[in-house]
Amino acid sequence: MKKLLFLFSLSIFIACNDQNTQVSEENETATTTEQDTVQNFGIVIHGGAGTILKENMSDSLEQAYKAKLEEAIRTGHEILANGGTALEAVQRTINVMEDSPLFNSAKGAVFTNEGKNELDASIMDGETLNAGAVAGVTNVKNPINLAYEVMVNSEHVMLSGKGAEQFAKEQGLEIVDPEYFYTENRYRSMERAREREKKKADNKTAFYDPFIKDEKFGTVGCAALDKNGNLAAGTSTGGMTNKKYNRIGDAPIIGAGTYANNKTCAVSSTGWGEYFIRGVVAYDISALMEYKGLSLEEAAKEVIQKKQPELGGNGGIIAIDNQGNVSMEFNTAGMYRAKMNRDGELEIGIYSE
Ligand code: ASP
């Protein structure tokens, strides 16, 4: 009987132990799976590239730029950390910079030769390859929001001028008096550019004098990867100081100023738009990754440090790939920029190091 009891207890002990091992193995599997499925995410922004030199910048202005870049990127990062989409993060991050007079975008937009502000913006969804863009709008407070509406609520990709403004009204977006976009700084820049142009009237190649120290640009852009592995990018700008004839730059051109594709990366450009259009910069970076197997860093370097300068263009890009790797490549003296990863590590830069 004792022997039987012993055997019975032994079998119960073995069974329990077996179960425990199973449970702990299950736990282990659960933890690994959980870790594997916690998607990397991240965000990167720019506030324009150009001749941005430390010696021309006061400490207080530098601090103001850094603070606004940080506010903007934290806005998007928080959305991503809470499980929001890359598209929403891009839009809201850009809104912060659009509302600031520091950047050449919405509130701080540069002036046309006629003394107006004509705004361009675009946004792209890397999951669906859906995109929206607007060009030459004069009374929409946040052009990136209009680009988003074009993407989700119209059958078109790009709207311009009066039609785009009509669509903005119909979508219930905030419309402002064009006076809202007036900033004295930017107006003076345009006047100086007009003066220079008068002096150079015979030299057609110097039509734009884009990287004069005080007239640096400040287009804004953002690229993000969300927890679901989706990429998005957006760009918003006033274009180039003293622009004429309803000139449109690269910012609202999908593939030049903005591109996003879950297969590769999300990119936003800033710089001399004519060259970025001709170089199809944002798409070129994605294509180099997709067809040539280059890493994001290699592709960005190839386009910004080699192909653009060879063509005569200057500027930069910010980009994030589908693994969360980030690039902030520029060939000018500076680019307002910031990046933040999943762990909340923040890096802000202005000048080239
Ligand atoms: N790329 C913009 C444009 O050409 C300007 C800029 O990024 O500074 O309109």
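Our subject in this report is the structure included herewith. Values in this document were obtained by computation on a predicted structure and should not be read as measured data. (Residues numbered from 1 in each chain as written. Predicted model: local features only at pLDDT ≥ 70, side-chain atom pairs only at ≥ 80, totals over all residues. Heavy atoms only, no water.)

### What about helix α9 (residues 296-311)?
Here is step 1: Under the 1.5 Å per step criterion, the end-to-end length of α9 is 21 Å for 16 residues, consistent within 8% with the ideal 22 Å.
Here is step 2: Where α9 bends most, at Val303, the angle is about 30°.
Here is step 3: The inward-facing, buried residues of α9 abut β8 (265-271), α7 (273-278), α8 (281-292), β9 (315-321) and β10 (326-330). (Helix = DSSP H or I, 4+ residues; strand = E, 2+ residues; numbered from the N terminus. Expected span 1.5 Å × (residues − 1). Bend = angle between axes of the 7 residues up to and from the residue. Contact = heavy atoms within 4.5 Å.)

### Here we look at the packing of α8 against α9
Here is step 1: Running from N to C, α8 and α9 point in directions that differ by 135°, and their axes come no closer than 9 Å. Between α8 and α9, the interaxial angle falls into the category oblique. For the crossing formed where α8 meets α9, the hand is right-handed. For the pair formed by α8 and α9, the contact residues are Val281, Asp284, Ile285, Leu288 and Met289 on the first element and Leu296, Ala299, Ala300, Glu302, Val303, Ile304, Lys307 and Gln308 on the second.
Here is step 2: Per-class residue counts for the contact of α8 with α9 are 9 nonpolar, 1 polar and 3 charged. (Axes fitted to C-alpha atoms, helices over the stretch in contact; angles between N-to-C directions. Parallel < 35°, antiparallel > 145°, perpendicular 65-115°, else oblique. Left-handed = near helix turned anticlockwise from the far one by under 90°. Nonpolar A, V, L, I, M, F, W, Y, C, P; charged D, E, K, R; others polar.)

### What about the side chain of Ser105?
Here is step 1: Locating Ser105 in the fold gives a position in the loop between α3 (86-98) and β2 (119-125).
Here is step 2: With near-sequence residues (within four places) excluded, Ser105 lies in contact with Met97, Glu98, Ser100, Gly218, Val220, Ser236, Thr237 and Gly238.

### Description of the pattern of salt bridges
Here is step 1: Inspection of the entire model under this criterion finds 16 salt bridges.
Here is step 2: A salt bridge links Lys307 to Asp284; the shortest N-O distance between them is 2.7 Å. Of this pair, Lys307 sits in helix α9 while Asp284 is found in helix α8, placing the two residues 23 residues apart along the sequence.
Here is step 3: Where Glu329 meets Lys301, a salt bridge forms, and the shortest distance between an N and an O atom there is 3.7 Å. Residue Glu329 is located in strand β10, and its partner Lys301 is located in helix α9; the two are separated by 28 residues in the primary sequence.
Here is step 4: Taking relative accessible area as the criterion, Lys301 reaches 42% and is therefore assigned partly exposed. (Salt bridge = Lys/Arg side-chain N within 4 Å of Asp/Glu carboxyl O. Buried < 20%, exposed > 50% of the residue type's maximum accessible area, 1.4 Å probe, protein only.)

### Topic: the pairing of strand β5 (residues 220-225)
On a regular strand, each side chain points to the face opposite its neighbour's, so the side chains alternate between the two faces of the sheet.
Here is step 1: β5 sits mainly inside the fold: 6 of its 6 residues count as buried.
Here is step 2: Covered by surrounding structure in β5 are Val220, Cys222 and Ala224 together with Gly221, Ala223 and Leu225, the residues of both alternating faces.
Here is step 3: Pairing geometry for strand β1 (residues 42-50) and β5, over 5 bridges, is antiparallel. Paired with Val44 across the strands is Ala223, a residue of β5.
Here is step 4: The antiparallel pairing of β5 with strand β6 (residues 231-237) creates a hairpin that spans 5 residues between the two strands, and Gly229 there sits at a positive phi of about 85°. (Pairing = 2+ DSSP bridges.)

### Comments concerning the packing of helix α4 (residues 143-153) against helix α5 (residues 161-170)
Here is step 1: Between α4 and α5, whose axes approach to 10 Å, the crossing angle comes to 80°. The angle between the axes of α4 and α5 places the two elements in the roughly perpendicular class. Across from Leu146, Glu149, Val150 and Asn153 in α4, the residues of α5 making contact are Ala164, Phe167 and Ala168.

### Thoughts on helix α2 (residues 59-81)
Every α-helix winds through 3.6 residues per turn, so residues three or four apart in the chain are directed the same way.
Here is step 1: Counted at 1.5 Å a residue, the expected span for α2 with its 23 residues is 33 Å, and the 32 Å between its end C-alpha atoms agrees.
Here is step 2: Among the structural elements, β1, α3, β5, β11 (334-341) and β12 (346-351) are those in contact with the buried residues of α2.
Here is step 3: Backbone geometry just downstream of α2 places Gly83 in the positive-phi region, at approximately 90°.

### Re the sheet that holds β1
Here is step 1: Spatially, the 8 strands line up as an open sheet ordered β4-β3-β2-β6-β5-β1-β11-β12, and their pairing is mixed. Among the strands making up the open sheet, the edge pair consists of β4 (158-160) and β12. Strand-to-strand twist in this sheet, taken as the mean axis angle between neighbours without regard to direction, amounts to 5°.
Here is step 2: Along the sheet, α2 contacts β1, β5, β11 and β12; its crossing angle with β12, the most-contacted strand, is approximately 145°.
Here is step 3: Docked against the sheet, α5 engages β3 (131-137) and β4, running at close to 120° with respect to β3.

Coordinates in, geometry out; function isn't part of it.
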